[in-house]
Amino acid sequence: MVQRKKLPIGVQNFREIRSENDYYVDKTAFVARLADGGKYYFLSRPRRFGKSLFLDTLAEAFSGNRPLFEGLYLEDHWDWEKIHPVVRISFAEGRLRNEAELDHHIHAEIEANAQALGIDVPPKTEAIHIRFRRLIAEAARHFGQRTVVLVDEYDKPILDNLTEPDIARAMREGLRNLYSVLKGQDANLRFVFLTGVSKFSKVSIFSGLNNLSDITLDGRYATICGYTEADLDTVFAPELEGLDREAIRHWYNGYRWEGEGVYNPFDVLLLFDKRQFRAWWFETGTPTFLVEWLQQHRYFTPQLECMYADEQLLSAFDVDRIRAEAILWQTGYVTIERSQQKGAQMFHMLHVPNAEVRSALNTLLLESWHPGRSEMPRMAMALYDYLAQGDAESLKGHFERLFSAIPADWYRKNPIAQYEGYFASVFYSHLASLGLEMAAEDNANQGRVDLMLRLSPYVWLFEFKLVDGDSPTGEALAQLRAKDYAAKYRDGHTEIIEVGIEFSRSKRQIVGWQMDRR
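What counts and how
Residues numbered from 1 in each chain as written. Predicted model: local features only at pLDDT ≥ 70, side-chain atom pairs only at ≥ 80, totals over all residues. Heavy atoms only, no water. Phe/Tyr/Trp six-rings, centres within 6.5 Å; stacked < 30°, edge-to-face > 60°. Helix = DSSP H or I, 4+ residues; strand = E, 2+ residues; numbered from the N terminus. Buried < 20%, exposed > 50% of the residue type's maximum accessible area, 1.4 Å probe, protein only. Salt bridge = Lys/Arg side-chain N within 4 Å of Asp/Glu carboxyl O. Polar contact = N/O pair within 3.5 Å; in protein donor to acceptor, adjacent residues only side chain to side chain. Contact = heavy atoms within 4.5 Å. Pairing = 2+ DSSP bridges. Axes fitted to C-alpha atoms, helices over the stretch in contact; angles between N-to-C directions. Expected span 1.5 Å × (residues − 1).

### What to know about the packing of aromatic side chains
The way to describe two aromatic rings as a pair is by their centre distance and the angle between their planes.
Then step 1. Under the counting rule described, the total for this entry stands at 34 aromatic pairs.
Then step 2. Ring centres 6.1 Å apart and planes at 45° place the aromatic pair phenylalanine 30 and tyrosine 221 in the tilted group. In this pair, phenylalanine 30 is assigned in helix 2 (residues 28-37) and tyrosine 221 in the loop between strand 5 (213-214) and helix 9 (229-234), connecting sequence segments 191 residues apart. Grouping residues by exposure puts phenylalanine 30 and tyrosine 221 together as buried.

In structure tokens:
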């Protein structure tokens, strides 16, 4: 029997993991590849995906701590005679609310690094860029080796203030002042690695650091953070007993960055510890800024299941220029399903990665977009039963009650409830909150069905129409029949339920509900 080890839940310290004999997925081959292949790097990954642990691994390698790498790939693929000074700047902890707090934090980081390295830097009365420049240069002189600079969550001061654009811009300028030092210190730098959630444009924040290599969508580094299928079946094999392997995949796998897919590591570790399937990652930080932003921009939530973006859209955004596709992808709420080259451009199809994100995000959206928040858990239970039983009539009454619960005052006071996609968005988010297999705008032989939901032995196909009057037209079901969207799902074992739904703008209710079973 394979011996079980400690689960490194929330541990971002490489030395602790190795010293305590915790489970560890060997990522050190990436350290060697990065060090041999370049000098300036940037990596974007969602929060709690292991970025801080990888930075700590880099720090220990460049510091020459060979005993920590015993038995790992890097032990025999590194020059342990060279000891480099390592400067570490982190914005991972706390929230900085203004420019003064940002400056204080940076000064404290510079001071802590100087003390750790045993060197002197100018006093705090000097400008930040002068102190940072001296820190890098003095470290290289003192150690006789060029300096390594590692920056963790470089963008967090900006992201924390996105709902306050003026503050976000001030944070951007303060960080640009810090990072601008790196280009001028090239002769004193051996290696630079910045991590974050979002990729802000080089022009706005990196101030000419044009040689920064973005490895976010480099297939060679697709698994630099997160766990692969093989990792679960080998490293974590002792933890799998008693857990449904397919359920683990359904809940927590599905993240892709132009290469092999990975599991969310935080979820996997909490699952193995608690032995329960829950939205562990999502619950650690409710993305209130994201929900507020989606509300403000009247986001059509069925697009979460299928949206398209080009390389430029995904690779950068700025405080004054944010697109839903970019912010959802960079924060981990959608991922790349597949990519395709079209002429000179690369296009990416994005969708929700797994059941955890689909359920938790849509539950939060629904609670924000519908006044009946306290009733949602009870309604979700009933909704699942109707879908599992193939009960289309009860499902109709269920959604009629859902929309009837929205008082007239809600429409007058909430702009989100006044845009045309609101009805379909509430409908979709209520279904998606169950975390079931879904697809929006799913390709069929003669077009795309608005929404597909699969709950064995049923496949539900929904088509939506918005009408001006109070009388149904029958167009929604007619389109389902004419296009024969059901053909894609016929396999002899599945019953297909087609539902054409018509919403009335004036009545603010479902006025047409027609169905067919095949």
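That was the structure; now back to the text.
### Here we look at the pattern of salt bridges
Two side chains that carry opposite charge are able to pair once their charged atoms sit near each other.
Then step 1. This model, assessed by the stated rule, comprises 30 salt bridges.
Then step 2. A salt bridge links arginine 490 to aspartate 484, with the shortest nitrogen-to-oxygen separation between them at 2.9 Å.
Then step 3. The exposure class assigned to arginine 490 is partly exposed, which follows from its relative accessible area of 42%.
Then step 4. Shared partners join several salt bridges into a network, and the residues in it are Glu229, Asp233, Arg245, Glu246 and Arg249.

### A word on the side chain of histidine 84
Then step 1. Mapped onto the elements of the fold, histidine 84 is located in the loop between helix 3 (51-62) and strand 2 (86-90).
Then step 2. Reaching out from histidine 84, the side chain makes a polar contact with the backbone oxygen of arginine 146 at a distance of 2.8 Å.
Then step 3. Ignoring any residue separated from it by four or fewer positions in sequence, one finds histidine 84 in contact with Phe62, Ser63, Gln145, Arg146, Val148 and Arg190.

### A few points about the sheet that holds strand 6 (residues 307-310)
Then step 1. With respect to topology, three strands assemble into an open sheet ordered 6-8-7, the strand pairing being antiparallel. A strand with exactly one partner marks an edge of an open sheet, and here the two such strands are strand 6 and strand 7 (335-342). Sheet twist, expressed as the mean angle between neighbouring strand axes with direction ignored, is 30°.

### Digging into the pairing of strand 4 (residues 189-196)
Then step 1. Across the eight residues of strand 4, eight count as buried, placing the element largely inside the fold.
Then step 2. One ladder, built from five bridges, connects strand 1 (residues 40-44) with strand 4; its direction is parallel. Each bridged residue has a counterpart across the sheet, and for leucine 43 the counterpart in strand 4 is threonine 195.

### A short note on helix 5 (residues 128-143)
Then step 1. Relative to the 22 Å expected for 16 residues at 1.5 Å per residue, helix 5 spans 23 Å between its end C-alpha atoms, a close match to the ideal helical length.
Then step 2. Among all positions in helix 5, only Ile128, Arg131, Phe132, Leu135, Ile136, Glu138, Ala139 and Ala140 are buried.

### Topic: unusual backbone geometry
Then step 1. Each neighbour pair has its own omega, and for serine 456 with proline 457 the value is 10°, a cis peptide bond.
Then step 2. With phi around 55°, arginine 48 is a residue other than glycine that occupies positive phi space.
Then step 3. Turning to its location among the elements, arginine 48 is positioned in the loop between strand 1 and helix 3.

Any functional reading would require information beyond the geometric quantities listed.
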